[in-house]
Amino acid sequence: MEHQSIKRVGVLTSGGDAPGMNAAIRAIVRSAATRDISVLGVRRGFSGLLNGDMVELSGRGVNGLLPRGGTMLYTARCPEMHTDEGLEKAANMCRYMGMDGLVVIGGDGSFRGALALSQKGIPTVGVPATIDNDIVCTDYTIGFDTACNTAIDCIDKLRDTMQSHERCSVVEVMGRKAGHLALHVGVAVGATCTLLPEHDTDFHSAVIEPIRMGRLNGRNHHVIIVAEGYGHAQDVATQVEAATGIDTRVTILGHIQRGGTPSAQDRVIATQMGYHAVKILMDGKSQRVVAYEGRSVTDYDIEEGLSREKHLDLDLFEVEQTVAT
Ligand code: F6P
């Protein structure tokens, strides 16, 4: 049942940027515009909300946005939102600006802000966007596929030089405390081994033994993927070189993984999620988070969504363990 009283909604991006955030903003603005709902773009995340840093977004204003990486609304972290005073100020600003709802595009930290605001009476919806894919209630977060592809592209290039010098390459992949990105990248590049925070490993059997086996099988170079949540790539490289004598180099992919034009998958899912977020507010619902489940878009209560636990894809992990080296 659509809520006729929704006249204006706000949208902000918060936390680390992710490719596809712009596609989600575009979908929100366009879906709202067709229902005569105006959209206020809040710049610089929650800190922009506190400071009234906002811009009116029209359907025309988001032309050409779909293929652009990053976020046109800028993003920031905002410690003030962790205080009751900050939250009260943010809720008052939403009311002052005439927002009937707020869409928060970001990760679970951003959703805690959305949850707190909804508890202050502001209807909120979260749209999951982070390259880490670590949000519990959704199979997929916007930006993950593009980040995987970016990492794969870089590692394929690294492989050329590692092969030429018969070296070992230790590559650190982002993901915060989660290993989803590293696991997918490890499988996709055919890494010798992939070190994940979720999996306790005996270093010798997980790293040194596969290198030894690889050499016996005629492999003259090796790629080791280290999830940033596992530990430092440099420590891994030092141990590999000491144990094997192989010339070893470290590459920390870092923020390059967050950039670039979004992949087809990120464009499509971001557009679906943005559309769905507006629909949730139109239906008079609040405190929801959009989720991707199987191949469709659904939504959950934010509190319920955040209280679940997201596990590593154990089937994929088994595949990685089986086909590595
Ligand atoms: O959450 C996305 C992410 O890129 C993580 O993978 C990484 O740990 C973190 O953000 C880096 O944050 P910052 O941009 O503040 O350095």
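In this report, we go over the structure that sits alongside the text. (Residues numbered from 1 in each chain as written. Predicted model: local features only at pLDDT ≥ 70, side-chain atom pairs only at ≥ 80, totals over all residues. Heavy atoms only, no water.)

1. Some words on the overall build of the protein chain
Counting secondary structure elements, the protein chain contains eleven helices and eleven strands. Expressed as lengths along the three principal axes of its C-alpha atoms, the size of the protein chain is roughly 70 × 35 × 35 Å. In the protein chain, buried positions account for 54% of the 325 residues. Considering only contacts in the protein chain between residues 6 or more positions apart, those separated by 24 or more positions represent 74%. (Helix = DSSP H or I, 4+ residues; strand = E, 2+ residues; numbered from the N terminus. Buried < 20%, exposed > 50% of the residue type's maximum accessible area, 1.4 Å probe, protein only. Contact = heavy atoms within 4.5 Å.)

2. Some words on the site of the ligand
Near the ligand you find Arg77, Thr130, Ile131, Asp132, Met174, Gly175, Arg176, Glu228, His255 and Arg258, and these make up its full shell. Taking Arg77, its side chain carries an N or O atom lying 2.9 Å from an oxygen atom of the ligand. Here an oxygen atom of the ligand and a side-chain polar atom of Arg258 are 2.7 Å apart. Starting from 400 Å² of accessible surface for the ligand in isolation, the protein chains cover 75%. Residues that form the shell around the ligand fall into these classes: two nonpolar, three polar and five charged. (Near = heavy atom within 4 Å. Polar contact = N/O pair within 3.5 Å; in protein donor to acceptor, adjacent residues only side chain to side chain. Areas by Shrake-Rupley, 256 points an atom, 1.4 Å probe, with all protein chains shown as cover. Nonpolar A, V, L, I, M, F, W, Y, C, P; charged D, E, K, R; others polar.)

3. Digging into the nonpolar core
Formed by 61 residues in total, the largest nonpolar core has its most connected members in Ile105, Leu181, Val185 and Ile225. When residues no more than four places from it in sequence are discounted, the contact partners of Ile225 are Ile155, Val171, Val173, Ala182, Val185, Gly186, Val189, Ala191, Cys193, Thr194 and Leu195. Core analysis: the next-biggest nonpolar cluster, separate from the first, contains 30 residues, Phe46, Met54, Leu87 and Met99 among them. (Core = buried A, V, L, I, M, F, W, Y, C linked by side-chain atoms within 4.5 Å.)

4. Section: the sheet that holds strand 10 (residues 288–293)
Taken in spatial order, the seven strands make up an open sheet running 3-2-1-4-5-10-11, and their pairing is mixed. With one partner strand each, in any of the chains shown, strand 3 (54–57) and strand 11 (296–301) form the two edges of the open sheet. Strand after strand, the sheet turns through a mean of 30° between neighbouring axes, direction not considered. The sheet contact formed by strand 10 and strand 11 spans six bridges and is antiparallel. Bridging across to strand 11, Val290 finds its partner in Asp299. Of the strands in this sheet, strand 1 (8–13), strand 2 (38–42), strand 3 and strand 4 (101–106) touch helix 1 (residues 21–33), which is tilted by about 160° from strand 4. (Pairing = 2+ DSSP bridges. Axes fitted to C-alpha atoms, helices over the stretch in contact; angles between N-to-C directions.)

5. A short note on the environment of Gly179
Mapped onto the secondary structure, Gly179 falls in the loop between strand 6 (168–173) and helix 6 (180–189). Through-space distance from the C-alpha of Gly179 to that of Gly229 is 7.1 Å; in sequence the pair is 50 residues apart. Ignoring anything within four residues of it in the chain, the contact list for Gly179 reads Leu196, Pro197, Glu198, Ala227 and Leu312.

6. Some points on the pairing of strand 10
Remember that side chains alternate between the two faces of the sheet whenever the strand is regular. In terms of burial, strand 10 is largely enclosed, as five of its six residues are buried. Linking two consecutive strands that pair antiparallel, namely strand 10 and strand 11, is a turn of two residues; a positive phi of about 65° is found at Gly294 within it.

7. Some details on helix 9 (residues 264–282)
With 19 residues, helix 9 should reach 27 Å at 1.5 Å per residue; the first-to-last C-alpha distance of 27 Å fits that figure. The complete set of buried residues in helix 9 reads Asp266, Ile269, Ala270, Met273, Gly274, His276, Ala277, Val278, Ile280, Leu281 and Met282. One or two residues past the end of helix 9 sits Gly284, with phi positive at roughly 80°. (Expected span 1.5 Å × (residues − 1).)

8. Brief notes about the pairing of strand 2
Within strand 2, four of the five residues are buried, which leaves it mostly tucked inside the rest of the structure. In terms of strand pairing, strand 1 meets strand 2 through five bridges, oriented parallel. Counted as the bridge partner of Arg8 is Ser38 from strand 2. In this fold, strand 1 hands off to helix 1, which returns the chain to strand 2; that crossover is right-handed. Relative to strand 3, strand 2 is paired through four bridges, and the arrangement is antiparallel. (Right-handed = clockwise from strand over helix to strand, strands pointing away.)

9. Side note on helix 8 (residues 233–244)
For helix 8, which comprises twelve residues, the first-to-last C-alpha distance of 16 Å matches the rise-based estimate of 16 Å (1.5 Å per residue) to within 8%. For helix 8, every residue scored as buried is listed here: Ala233, Val236, Ala237, Val240 and Thr244. For helix 8, the arc enclosing every buried residue in end-on projection is 100°, short of the 170-degree limit, so these residues lie on one face. On its buried face, helix 8 is in contact with strand 6, strand 7 (193–195), helix 7 (203–216), strand 8 (222–227) and strand 9 (248–252). Phi turns positive, to about 75°, at Gly245, one or two residues after helix 8. (Arc of directions from axis to C-beta.)

10. What to know about the sheet that holds strand 7
On the basis of which strands lie adjacent, the open sheet formed by four strands has the order 7-8-6-9 and parallel pairing. Across the chains shown, the open sheet's two edge strands, defined by having one partner strand only, are strand 7 and strand 9. With strand direction ignored, the average angle separating the axes of adjacent strands in the sheet is 20°. Helix-sheet contacts for helix 5 (residues 144–165) involve strand 6, strand 8 and strand 9, and the interaxial angle to strand 6 is about 160°.

11. Examining the environment of Ala277
Within the fold, Ala277 resides in helix 9. Measuring from C-alpha to C-alpha, the distance between Ala277 and Val127 comes to 7.1 Å, with 150 residues separating the pair along the chain.

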